[in-house]
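Residue-level structure breakdown
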Amino acid sequence: MRTAGRTGVVSALALALSVGAAPAVADTETANDVPITPPDPRDKSIAFYVGKNLTDDGSVLLGGFGHEPSSHWMEIVPSQEHEEGTTIEVGATDEADIPGELTEIPQAERTNKYITSFYSEFAGFPAPLTNGGLNEHQVAGRDVWMDSREELVDMTPTPQEGPQYSDLSRIAMERASTAQEAAEIVGGLIDEHGYTTYGGNSHLFADENEGWVLVEFPGGEGLWAAERLGPDDVRVSYPGYIQEFPEDFADDPDFMGSENIVDFAVEQEWWDPDGDEPFNLQEAYGASFPTDTVEHDPEDPAPYRYPPGLEDELREMAPLSLEDMLRLVRDPRWADDRAGYGQVAHLRDDLEHEELATLWLAVTSAVTAPYIPFHIGADEVPMEYRQHRYLTSESPSSYLNPEFAPQEATRYATQTYKRLMYYTCARPELFLGEVTDVWEGFEAQIAEDLEDVEAEALAAFEDGDEEAARALLTDFSTEWAMDGLDLGDYLVDDLDTRLRDEEGGIPEPDVEVPEGTTSSASSQSMTLPEGAVSSRDRVNCDLGGGWEDGSALDRQGQTGDPDAVPDFRAASADGQALPWIPMTLTGLVGVAIGLIVRPFLKSNQAAKQ
């Protein structure tokens with residue numbers, strides 16, 4: 001059965017290819033007679049790179065997320081030793097939109113520790129899937145869709161072999177010690193083993209000094225190229241792209257690529273080396289950006305989706321802070337129901353210990369979920385943030401493996417924050433500002449503790465007590481992650497109550513019930529209708545340019561207020577959350593209520609006895 005996923009055709013109307021493409025508009029076929037569903041051309045995964053000279057603390061910032069209609073969870077993968085001759089399975093199956101065949105390639109003798117977001121579904125691509133993360137050498141990676149010209153997709157041989165986008169992302173995290181090395185590893189794997197494609201892809205790697213953007217094309221020719229991003233550069237991959245590319249790239253330290261990346265374009269007459277135009281990868285192998293504005297237009301199915309315009313926003317924001325990047329990834333212009341997670345890597349060249357490298361991670365769309373900082377020195381994430389069956393591939397058609405029963409029995413953070421999104425986006429004009437203020441205040445509370453925790457962990461590392469240091473970092477993230485989940489539950493209950501009591505009740509679904517069907521509208525298919533492919537059709541909280549008071553650019557300079565966080569640990573006698581009251585005031589009210597009701601509780605208890 002075909003599932004929503006990356007697709008294999010790009011046409012003039014379907015310019016974009018991505019993880020988690022929305023429902024199809026129509027079907028077509030490639031030259032290989034493979035039925036392909038044209039993708040949603042509007043918006044997909046996104047990544048932001050900001051060089052160290054453009055940030056307020058001299059760090060490199062890399063943020064973004066993937067777009068997948070799938071379950072998502074966090075994992076800290078430990079470094080591992082592998083026996084000589086160990087292999088790993090890569091590629092795709094014949095269920096992929098462009099059919100593939102799984103093959104084996106050698107595993108490295110040692111793989112790095114890394115933090116990542118895993119997810120469960122992409123047609124024909126075996127799970128768990130990843131778009132990157134952060135590894136022990138402070139190399140961060142983002143994987144972003146990229147459009148390619150239709151002719152390249154048509155000439156892709158099937159079944160195709162070689163690593164696909166997730167394999168390459170994972171292996172880069174497992175093996176790279178710098179961003180440049182990550183690009184070299186990915187390119188080398190394509191050169192040696194081939195490439196399994198859904199129609200094109202890109203990666204954005206960064207370390208504490210620089211970034212590298214790498215694009216890889218379909219066609220079965222092993223076409224790939226990479227470009228260095230320096231300390232004064234910004235880049236928005238939305239989609240991933242490289243434009244002007246030197247013909248003599250082999251002699252240029254700022255570029256790399258497959259040996260045929262220029263010659264093949266000449267052979268296909270997609271670029272004339274004797275003409276007046278420089279070689280441009282996007283023009284030769286890709287497709288034009290779908291819109292030329294970042295302004296909100298209700299009639300535009302691709303609002304904000306113009307990378308050069310968004311890059312102008314980043315330059316205008318310079319110097320950017322970590323908080324700016326967190327807000328940028330959270331921006332309701334793109335952080336909607338299909339944003340699988342939120343990641344911001346804070347890449348610092350002044351780290352006093354390598355295990356203090358930090359990835360700020362929201363388990364699902366950060367528009368209504370908190371970022372939790374996870375240090376590479378931490379050992380694990382709470383079970384509530386690990387894999388559960390909500391939105392997980394094949395769950396509706398299969399029973400639970402008993403080995404996972406205790407894990408499945410825990411609360412699932414992704415589901416809690418999704419519930420908060422659905423309530424918030426039902427009335428964003430009422431709720432979005434409040435929810436955002438709470439999460440930014442919550443993250444400000446975390447930041448207040450972060451410096452002291454890192455100082456304690458550093459002291460333990462310097463004393464040679466690595467176990468204690470790692471336990472401290474693990475406990476720090478775990479406690480905040482669990483507090484975030486409790487706060488999320490509190491907010492869900494609060495919005496539920498307010499919708500029911502103050503806003504006229506929970507809105508009923510307004511969908512058509514087929515003639516002759518006796519079941520109600522609430523029991524009809526909950527899938528986004530066919531043809532509803534725009535980002536404006538999905539659940540989103542965008543108020544016409546971000547929040548009510550504007551975008552991340554407009555809100556730059558605002559800081560989270562710790563006092564905006566309600567006392568989510570307090571509860572009324574009937575177990576319901578108290579109204580939105582700052583923590584200090586709630587604590588005083590709680591004490592007063594306790595003093596008042598205690599005599600009555602005691603007399604009531606005595607009467608029962």
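The following paragraphs examine the structure supplied in this document. Not measured: the values here are computed from a predicted model.

If you trace the 6 strands from one edge of the open sheet to the other, you get 17-3-4-19-20-21, paired in antiparallel fashion. Unpaired on one side and paired on the other, strand 17 (234-237) and strand 21 (372-375) mark the two borders of the sheet. On average, each strand axis in the sheet is tilted by 15 degrees relative to the strand beside it, whichever way the strands run. Here strand 3 (residues 46-50) runs beside strand 17; their pairing, made up of 4 bridges, is antiparallel. The residue of strand 17 that forms the bridge with alanine 47 is serine 237. Here helix 6 (residues 307-317) sits on the sheet in contact with strand 3 and strand 17, set at roughly 140 degrees to strand 17. Helix 7 (residues 322-330) contacts strand 3, strand 4 (60-65), strand 19 (342-347) and strand 20 (358-362) of the sheet and is inclined by roughly 160 degrees relative to strand 19.

For strand 5 (residues 72-77), the tally of buried residues reaches 5 of 6 residues, placing the bulk of the element in the interior. By the bridge criterion, 6 bridges tie strand 5 to strand 10 (residues 114-119) in an arrangement that is antiparallel. Bridge assignment links isoleucine 76 to a residue of strand 10, and that residue is isoleucine 115.

What follows deals with the state of the cysteines. Overall, the coordinates contain 1 disulfide when judged by the stated rule. Note that cysteine 425 is cross-linked by a disulfide to cysteine 541, the S-S spacing being 2.0 Å. The chirality of the disulfide connecting cysteine 425 with cysteine 541 is left-handed, given an S-S dihedral of about -105 degrees. Remark: cysteine 541 occurs in the loop between helix 11 (466-501) and helix 12 (583-608) and cysteine 425 occurs in helix 9 (residues 413-426); sequence separation between them is 116 residues. With respect to class, cysteine 425 is no different from cysteine 541; both count as buried.

What follows deals with the packing of helix 2 (residues 165-175) against helix 3 (residues 179-193). Helices that pack against each other are described as a pair by the angle of their axes relative to one another and the distance between those axes. In contact at an axis separation of 9 Å, helix 2 and helix 3 are set at 130 degrees when each is read in the N-to-C sense. Here helix 2 is positioned oblique relative to helix 3, judged by the angle of their axes. Between helix 2 and helix 3 lies a crossing of right-handed hand. Along the contact surface, helix 2 presents Leu168, Ile171, Ala172 and Arg175, while helix 3 presents Glu181, Ala182, Ile185, Val186, Leu189 and Ile190.

Attention now moves to the packing of aromatic side chains. Aromatic ring pairs are defined here through the distance separating the ring centres and the angle between the ring planes. Taken as a whole and assessed by the stated rule, the structure comprises 22 aromatic pairs. Each ring, one from phenylalanine 245 and one from phenylalanine 255, has its centre 5.3 Å from the other, and the planes form 85 degrees; the classification is edge-to-face. Residue phenylalanine 245 is found in the loop between strand 17 and strand 18 (255-257), and its partner phenylalanine 255 is found in strand 18; the two are separated by 10 residues along the sequence. For phenylalanine 245, a relative accessible area of 3% corresponds to the buried category.

It is worth spelling out the layout of surface pockets at this point. If you add up the space inside the second largest pocket, you get close to 370 Å³. Lining the second largest pocket we find 17 residues, and of these His346, Arg348, Leu450, Glu451 and Glu454 sit closest to its centre. The set of elements that each furnish at least two residues to the lining of the second largest pocket consists of helix 7 and helix 10 (428-462). In terms of residue count, the dominant contributor to the lining of the second largest pocket is helix 10 (6 residues).

By the criterion of burial, strand 14 (residues 201-206) is predominantly enclosed, with 6 of the 6 residues buried. Side-chain alternation along strand 14 places Asn201, His203 and Phe205 on one buried face and Ser202, Leu204 and Ala206 on a second face that is also buried. In this structure, strand 13 (residues 140-145) lies alongside strand 14, joined through 6 bridges in antiparallel fashion. Across the sheet, alanine 140 pairs through a bridge with alanine 206, a residue of strand 14.

Before going further, it helps to spend a moment on the nonpolar core. Ile261, Leu281 and Tyr285 are the most contacted members of the largest nonpolar core, which has 125 residues in total. Setting aside its immediate chain neighbours within four residues, leucine 281 contacts Val215, Phe217, Ala225, Ile242, Gln243, Phe245, Ile261 and Gly286. Grouped together as the second largest cluster of nonpolar side chains are 27 residues, Trp73, Val139, Tyr195 and Trp224 included.

Conventions we followed
Throughout this description, residue numbers start from 1 for each chain and increase along the sequence as written. Under the rules for a predicted model, residues below a pLDDT of 70 receive no local features and side-chain atom pairs below 80 are neither given nor counted, while totals for whole chains, interfaces and linings still include all residues. With hydrogens and water excluded, all non-hydrogen atoms of the structure serve as input to the side-chain values. For two strands to be treated as a pair, DSSP must find no fewer than two bridges joining them. Each helix is a run of H or I in the DSSP string that is no shorter than four residues. Each strand is a run of E no shorter than two, and both are numbered from the N terminus. The angle between two axes is taken between their N-to-C directions and runs from 0 to 180 degrees, where each axis is a line fitted to C-alpha atoms and a helix contributes only its stretch in contact. Any two residues whose heavy atoms approach within 4.5 Å at even a single point are treated as in contact. Here's how the labels work: a residue is buried when its accessible area is under 20% of the maximum for its type, exposed when over 50%, partly exposed in between, all with a 1.4 Å probe on protein chains only. Two cysteine sulfur atoms form a disulfide, by the criterion used here, when they sit within 2.5 Å. Each angle is binned into one of four classes, with values under 35 degrees roughly parallel, values over 145 roughly antiparallel, values of 65 to 115 roughly perpendicular, and all other values oblique. Definitions for this section: a left-handed crossing has its near helix turned counterclockwise from the far helix by less than a right angle. A right-handed crossing has that turn clockwise. Centre distance within 6.5 Å is the pairing criterion for rings of Phe, Tyr and Trp, where only the six-membered ring of Trp is used; planes under 30 degrees apart are then read as stacked, over 60 as edge-to-face, and the remainder as tilted. Using only the protein atoms, space was sampled on a 1 Å grid; points where a 1.4 Å probe fits but cannot get out form cavities, open sets with protein on both sides within 12 Å along at least five of seven lines form pockets, and lining residues are those with an atom within 4 Å of a point. Grid points are joined across faces, edges and corners, and a volume is the space filled by probe spheres set on the points. As used here, the term nonpolar core means buried Ala, Val, Leu, Ile, Met, Phe, Trp, Tyr and Cys residues forming a set that is joined through side-chain atoms within 4.5 Å.

These figures come from the coordinates and say nothing about function on their own.
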